[in-house]
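Examination of the molecular architecture
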Amino acid sequence: MLFRSLSETLAPRLALSDGALCLAQIEAELGNLEDALGVAEVAEDKSNLLRLVVALSLFFELRGHFSFGWRWYKRALAAHPDQTALRARTLWAAAHVSFYGGRYPESVAYANQSHETALAVDDKWAVARALNTIGVLQSLATPILARETLLQSVAIGRDIGDDWAVADGLKMVTVAWYFLHDNAGAQDAMAELEAAGSALESRFFLAWHQAMVGYFARDAGDLVAAAKALQLSLDHSHYVGDPSTGGFSEAWSAALDADFGNIDRARTRLLRLLDTAAVSGSDLAVPEALFALAQIELGEGNPTTVLKLIGNHVTELREAGVPVWAAPLAVVQAAAHCELGELDLAEAALTEAETMIAPLKHPLVEGMVHFDQARIT
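Attention here is on the structure that accompanies the text. These figures come from a predicted structure and were not determined experimentally.

Topic: the overall build of the protein chain
- Assigned secondary structure in the protein chain consists of 22 helices and 0 strands.
- On C-alpha atoms alone, the protein chain measures out to a radius of gyration of 21 Å, which is about the 21 Å that the 2.2 N^0.38 rule sets for 377 residues.
- For the protein chain, the spread of C-alpha atoms along the principal axes amounts to about 70 × 40 × 35 Å.
- Once local pairs closer than 6 in sequence are excluded, the contacts in the protein chain between residues at least 24 apart make up 63%.
- Looking at the protein chain as shown, the accessible area adds up to about 15100 Å², and 54% of this sits on carbon and sulfur atoms.
- For the protein chain, the distance from the average site of its 27 positive side-chain charges to the average site of its 48 negative ones is 4 Å.

Here's what the structure looks like:
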């Protein structure tokens, strides 16, 4: 099958030095992709369909074709219910794309099924990837546990010579440290990620490394270093076409504009990110963008705007099992209520934030909670 062969040939290279070119080659065939998948679906041998959607997983992620991917993962899995290595790999691909599309409950279900199936059929390729996705999902609520899972994924990747599993596993380890807001703890993983990204000549992995450098530099108050790193991350992300890392770097870079006193520019950038997130594929960065914009509006004396911005996001993120992003938004929500004299609502929001953040031991959010609690008592 020509299209499957094309996708499988290019798939391993999508995160490497020529990834942007490979993505463009697949994108150029997008008009024929639906037909190719349809032909594979009605064929007697369903393996072609599953191999194709697995090969396209990073393409769906990096080009933000989430709805397209979800639809075909469901159809492929329905067409091939047997417990095979190919099904385990398809389940992982569905989990991976679901995570990047912000469908966390679906991602959890697919990842766990992939892991169970991969163990049953002894497919280490799928085991490593399933653990990768399980680990990053764990990091949304239990980052310490997530690190253990992700390091297992990295170890299996090294054992089978799977460069992507190793590099992406290291990337996700840094994600767990980011959620813990622990610069010192992140340094070893960040160094390993940089080494892996450089060895692979991968601007995809180097983009996230620079994003983490910028994030932690801003935390440390080194705004110049943060700006330099985040711009490098944006350059890499734009070259690769990675909306997820690009979204985070844009949110943090815009927040830096506010740090430097460029409030209007920061607000414009953040509003643009929020307006385009759904179509660009950068939904994952929405909580960070909301948090940065809400802080700006608080500083500008616009608490009502803050409450409108946050809306139901705290509830939605909490119900989706993402306290690491729900809690900071609950804190700025509480600060807005406090500014409006709505102390009961402020106290309730802070209690909610404190409950969500307690297992995470997140120093920034804990400090913000305690500060605002002192204001209302």
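What follows picks up the thread again.
Here's the deal with helix α20 (residues 323–339)
- In a regular helix each residue adds 1.5 Å, so 17 residues correspond to 24 Å; α20 covers 24 Å between its end C-alpha atoms and thus fits that length.
- Across the 17 residues of α20, 16 count as buried, placing the element largely inside the fold.

What about the packing of helix α9 (residues 124–139) against helix α10 (residues 143–160)?
- Following both chains from N to C, one finds α9 and α10 inclined at 160°, their axes separated by 8 Å at the closest point. What the angle tells us is that α9 and α10 run roughly antiparallel. For the element pair α9 and α10, the recorded crossing hand is left-handed. Contacts between α9 and α10 involve Lys-124, Trp-125, Val-127, Ala-128, Leu-131, Asn-132, Ile-134, Gly-135, Val-136, Gln-138 and Ser-139 from the first element and Pro-143, Leu-145, Ala-146, Thr-149, Leu-150, Gln-152, Ser-153, Ile-156, Gly-157, Asp-159 and Ile-160 from the second.

As for the layout of surface pockets
- Size it by volume and the largest pocket reaches roughly 460 Å³.
- Surrounding the largest pocket, 20 residues form its lining, Ala-11, Pro-12, Val-54, Trp-125 and Arg-129 being those nearest its centre.
- Every element with two or more residues in the lining of the largest pocket is listed here: α4 (47–55), α5 (57–63), α7 (85–100), α9 and α11 (163–180).
- Across the lining of the largest pocket, the residue classes break down as 13 nonpolar, 1 polar and 6 charged.
- Approximately 380 Å³ is the volume found for the second largest pocket.
- As for the second largest pocket, its lining consists of 21 residues, of which His-181, Tyr-215, Glu-288, Phe-291 and Leu-364 are closest to the centre.
- Broken down by secondary-structure element, the contributors of at least two residues to the lining of the second largest pocket are α11, α13 (203–219), α15 (243–259), α17 (286–299), α20 and α22 (363–376).

So, how was this worked out
Residues numbered from 1 in each chain as written. Predicted model: local features only at pLDDT ≥ 70, side-chain atom pairs only at ≥ 80, totals over all residues. Heavy atoms only, no water. Helix = DSSP H or I, 4+ residues; strand = E, 2+ residues; numbered from the N terminus. Rg over C-alpha atoms; globule rule 2.2 N^0.38 Å. Contact = heavy atoms within 4.5 Å. Areas by Shrake-Rupley, 256 points an atom, 1.4 Å probe, with all protein chains shown as cover. Lys, Arg positive; Asp, Glu negative; His and termini not counted. Charge placed at Lys NZ, Arg CZ, Asp CG, Glu CD. Expected span 1.5 Å × (residues − 1). Buried < 20%, exposed > 50% of the residue type's maximum accessible area, 1.4 Å probe, protein only. Axes fitted to C-alpha atoms, helices over the stretch in contact; angles between N-to-C directions. Parallel < 35°, antiparallel > 145°, perpendicular 65-115°, else oblique. Left-handed = near helix turned anticlockwise from the far one by under 90°. 1 Å grid on protein atoms, 1.4 Å probe; cavity = no way out; pocket = protein on both sides within 12 Å on 5 of 7 lines; lining within 4 Å. Points joined across faces, edges and corners; volume = space filled by probe spheres on them. Nonpolar A, V, L, I, M, F, W, Y, C, P; charged D, E, K, R; others polar.

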